[in-house]
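Coordinates in review
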Amino acid sequence: MTYRNIFDTHSHYDDEKFSADRDEVLFRLHENGVCGVIDCGCDKASSLEAIKLSEKFGFVYAAIGVHPHEAAEAKHRDLEELKTLYSKEKVVAVGEIGLDYHYDFSPRSIQLEFFEKQLILANELSLPVIIHDREAHEDTLNLLKKHRPRGVVHCFSGSAETAKQVLRLGMYIGLGGAVTFKNAKKPLEVAAAVPEDRLLLETDCPYMAPVPLRGSRCDSSMIAYTAEKIAQVRSCNVQELIDRCRENAKELFKI
Ligand code: NI
């Protein structure tokens, strides 16, 4: 099973789990059918790393922003400093930003404040957003309705009904390894229902490795398993699905 044109719209190659062999992994990916990767920063330091990777590897692009987990630790000055970096050529999105009421690593009031500030910033810069929404669907949707950014809700974990609302706002749905998990009823319903021009493939690597590799360090080549599962529920050809999702990624991120 080898595919071409794999575009991973959500990765964290800046993560320390890649410290020992990051360059090797990235070189190998490109040889193995991965044509594009967006590395998402989660705070100032990882955003700077994402930019560095995008400058080193032609097929890597960067999203920069403050993740809800990091919001409590982040300084408002960090947002100001990040603001100066969005003009870099390969920075294609504001992300990863959003709300996480599952872990609640940052107080919700601070999560909401950082999320909204970055939604406003994305609109000012005319950049798409990459959104993390875990168990915070209502607050996420309300802010999306208020600010109407372009972008994607990544690792979409809501119901098919919530997906419809996201799609109505003109946004994209990102699906990754979770669709292959045993309890994947909701993600598979969403995978079957998303219009083909609004679907993006992703990993969230090094996390979320799909079955049968669940638990191992994930990388973008593993999208093959995710794509096979999605193609199965959509009754379509796997390579055609991968091709279409790549077109969608290029369209959204203007690559
Ligand atoms: Ni992520």
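Residues numbered from 1 in each chain as written. Predicted model: local features only at pLDDT ≥ 70, side-chain atom pairs only at ≥ 80, totals over all residues. Heavy atoms only, no water.

1. Points about the environment of Ser 46
- You can see Ser 46 is positioned in helix H2 (residues 44–56).
- Note: C-alpha distance between Ser 46 and Asp 15 (31 residues apart in sequence) is 7.8 Å.
- Contact partners of Ser 46, with chain neighbours within four places excluded, come to Asp 14 and Gly 41. (Helix = DSSP H or I, 4+ residues; strand = E, 2+ residues; numbered from the N terminus. Contact = heavy atoms within 4.5 Å.)

2. Remarks on the packing of aromatic side chains
- A full pass over the atoms with the stated rule returns 4 aromatic pairs.
- With 6.3 Å between their ring centres and 80° between their planes, Phe 57 and Phe 59 make a pair best called edge-to-face.
- On the accessibility criterion, Phe 57 (4% relative accessible area) is buried.
- Between the NZ or CZ atom of Arg 108 and the centre of the ring of Tyr 101, over which it lies, the distance is 4.0 Å.
- For the cation-ring pair, Arg 214 lies above Phe 181, with the distance from its terminal atom to the ring centre recorded as 3.5 Å. (Phe/Tyr/Trp six-rings, centres within 6.5 Å; stacked < 30°, edge-to-face > 60°. Buried < 20%, exposed > 50% of the residue type's maximum accessible area, 1.4 Å probe, protein only. Lys NZ or Arg CZ within 6 Å of the ring centre and 35° of its normal.)

3. Overview of the side chain of Gln 111
- With respect to the helices and strands, Gln 111 occurs in helix H4 (residues 108–125).
- By relative accessible area, which is 1% here, Gln 111 ends up buried.
- Apart from the residues lying within four places of it in its own chain, the contact partners of Gln 111 are Pro 68, Ala 71, Gly 98, Leu 99, Asp 100, Tyr 101, Asp 104 and Ser 106.

4. A few points about the nonpolar core
- With 71 residues, the main nonpolar core has Tyr 13 and Ile 173 as its most contacted residues.
- Setting aside residues up to four positions removed in sequence, Ile 173 forms contacts with Val 152, Val 153, Phe 156, Ala 163, Val 166, Leu 167, Val 190, Val 194, Arg 198, Leu 199 and Leu 200.
- One finds Ile 38, Cys 40, Ile 130 and Val 152 within the second-largest nonpolar core, a separate group that totals 14 residues. (Core = buried A, V, L, I, M, F, W, Y, C linked by side-chain atoms within 4.5 Å.)

5. Here's the deal with the coordination of the nickel ion
- Looking at the metal site, the nickel ion is ligated by His 10 (NE2), His 12 (NE2), Glu 96 (OE) and Asp 204 (OD), spaced 2.2 to 2.3 Å from it.
- If you look at the nickel ion, its 4 donor atoms make angles of 80 to 171° with each other, and the shape they trace is irregular.
- If you list the donors of the nickel ion from N- to C-terminus, the spacing comes out as H-x1-H-x83-E-x107-D. Pair noted here: His 10 is in strand E1 (residues 6–11) and Glu 96 is in strand E4 (residues 91–100), with a separation of 86 residues, a long-range link.
- Note on Glu 96: relative accessible area 2%, which makes it buried. (Donors = N, O, S within 2.8 Å, 3.2 Å for Na, K, Ca; no water. Tetrahedral: all angles 85-135°; square planar, octahedral: opposite > 155°, others 65-115°.)

6. Here's the deal with the packing of helix H3 (residues 76–83) against H4
- Closest axis-to-axis distance for the H3/H4 pair is 12 Å, and the angle between their directions is 20°. Our classification of the angle between H3 and H4 gives roughly parallel. As for the relative orientation of H3 and H4, their crossing is right-handed in sense. Of the residues in H4, those in contact with His 76, Leu 79 and Lys 83 of H3 are Glu 113, Phe 114, Lys 117, Gln 118 and Leu 121.
- In terms of residue class, the contact of H3 with H4 is built from 3 nonpolar, 2 polar and 3 charged. (Axes fitted to C-alpha atoms, helices over the stretch in contact; angles between N-to-C directions. Parallel < 35°, antiparallel > 145°, perpendicular 65-115°, else oblique. Left-handed = near helix turned anticlockwise from the far one by under 90°. Nonpolar A, V, L, I, M, F, W, Y, C, P; charged D, E, K, R; others polar.)

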